[in-house]
Amino acid sequence: MSARGPDSQLAARFLDSPNRGERRGNRRPNCLILHYTGMPTGEAALRTLTDPGSEVSAHYLVWEDGAVDQLVAERDRAWHAGKAVWKGESDLNSASIGIEIVNPGHDGGSPPFPDRQIEATIALARDIGARWGIAPERVLAHSDIAPARKRDPGEAFPWKALWRGGVGHWTEPAPLDGGSLFAHEEESPPVRALQAMLALYGYGQEITGVYDRQTRQVVAAFQRHFRPERIDGEADASTVATLKALLDALGLR
Ligand SMILES: [Zn+2]
């Protein structure tokens, strides 16, 4: 048995999941990926995350009451991201630390995340971020890195509260104002410009110049994280203004 203890003093238990490997290419974690468990109970999620047959895991599990368990050592590669891309990196498992947050998610009616759970997530993210030097704009949703497949941690997740707690990148979203600027399958230079901005922020957005399905998926992922009032994959003026403000804040535009 492993004699390892948790890497974070905030973790109560180290429950050594077998679902792990070595980080490839000696990568250090440079981003933090947040998930909801998407299962009816935390106990069910913990079983899955430690079951060798499931081939999934995360470094940490944050319970509804704020208790934290560590399942994989931070130096090891946990298996939470799947097929994903951010800023051109496609082996996100080798480049990240993953936190699973107990919540049944969309399929469970998107219940709110309890305050104690969010406070614990903030404390844990700050601790990990400080030890590894993770930039605020690299605290990401699973949906950010896999917009075609994933919705977690979902639009009910309080990114603004995290930002107030010193975690993540955020700007107050521009107010809702009108519908989509583009028709579906429209091909135009402004569509290309929008796609370029999404890719510049980090999304795995292909620059096709067409307001196609993958663009709607990326826009929906952006909305879940940064403009949660309406998640429809339509690039309205509020969505575009919010994206520009985030890029400006990073000096990327
Ligand atoms: Zn996930």
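Residues numbered from 1 in each chain as written. Predicted model: local features only at pLDDT ≥ 70, side-chain atom pairs only at ≥ 80, totals over all residues. Heavy atoms only, no water.

Student: Just checking my understanding: could you explain the coordination of the zinc ion for this structure?
Tutor: The expected angle between donors at a tetrahedral four-coordinate metal is 109.5 degrees. At an octahedral six-coordinate metal it is 90 or 180 degrees. The protein atoms donating to the zinc ion are His35 (ND1), His142 (ND1) and Asp152 (OD), with metal-donor distances spanning 2.0 to 2.1 Å. Mapping the donors of the zinc ion onto the primary sequence gives the spacing H-x106-H-x9-D. Note that His35 is positioned in strand β3 (residues 31-36) and Asp152 in the loop between α4 (142-145) and α5 (159-164), a separation of 117 residues in sequence. (Donors = N, O, S within 2.8 Å, 3.2 Å for Na, K, Ca; no water. Helix = DSSP H or I, 4+ residues; strand = E, 2+ residues; numbered from the N terminus.)

Student: I would appreciate a short explanation of the packing of helix α6 (residues 189-201) against helix α7 (residues 213-226) in the present structure.
Tutor: When two helices pack together, you describe them by how their axes are tilted relative to each other and by the distance separating the axes. Where α6 contacts α7, the two axes come as close as 11 Å, and the packing angle between them is 55°. Compared by their axis directions, α6 and α7 come out oblique. Crossing hand, α6 versus α7: left-handed. Residues Leu194, Gln195, Leu198 and Tyr201 of α6 form the contact with α7, whose own contacting residues are Gln214, Thr215, Val218, Val219, Phe222 and Phe226. Here the contact of α6 with α7 is composed, by residue class, of 7 nonpolar, 3 polar and no charged. (Axes fitted to C-alpha atoms, helices over the stretch in contact; angles between N-to-C directions. Parallel < 35°, antiparallel > 145°, perpendicular 65-115°, else oblique. Left-handed = near helix turned anticlockwise from the far one by under 90°. Contact = heavy atoms within 4.5 Å. Nonpolar A, V, L, I, M, F, W, Y, C, P; charged D, E, K, R; others polar.)

Student: Before we go on, may I ask you to explain helix α8 (residues 237-249) in this structure?
Tutor: Spanning 13 residues, α8 covers 18 Å between terminal C-alpha atoms, matching the ideal 18 Å at 1.5 Å per step. Those residues of α8 that fall on the buried side of the exposure criterion are Ser238, Thr239, Val240, Thr242, Leu243, Leu246 and Leu247. If you follow the buried residues of α8, they end up packed against α6 and α7. Near the N-terminus of α8, the side chain that reaches the backbone nitrogen of Ser238, with its oxygen 3.2 Å away, is that of Asp236. Looking one or two places after α8, you find Gly251, whose phi comes out positive at around 70°. (Expected span 1.5 Å × (residues − 1). Buried < 20%, exposed > 50% of the residue type's maximum accessible area, 1.4 Å probe, protein only. Polar contact = N/O pair within 3.5 Å; in protein donor to acceptor, adjacent residues only side chain to side chain.)

Student: So what exactly am I meant to see when it comes to helix α3 (residues 115-132) here?
Tutor: For an α-helix, 3.6 residues make a turn, and residues three or four places apart therefore share a direction. With 18 residues, α3 should reach 26 Å at 1.5 Å per residue; the first-to-last C-alpha distance of 26 Å fits that figure. Of all the positions in α3, only Gln117, Ile118, Ala120, Thr121, Ile122, Leu124, Ala125, Ile128, Gly129 and Trp132 are classed as buried. In this fold, the buried residues of α3 make contact with β3, β4 (60-62), β5 (68-70), β7 (96-101) and α5. Positioned one or two residues after α3, Gly133 has a phi angle of 65°, which is positive.

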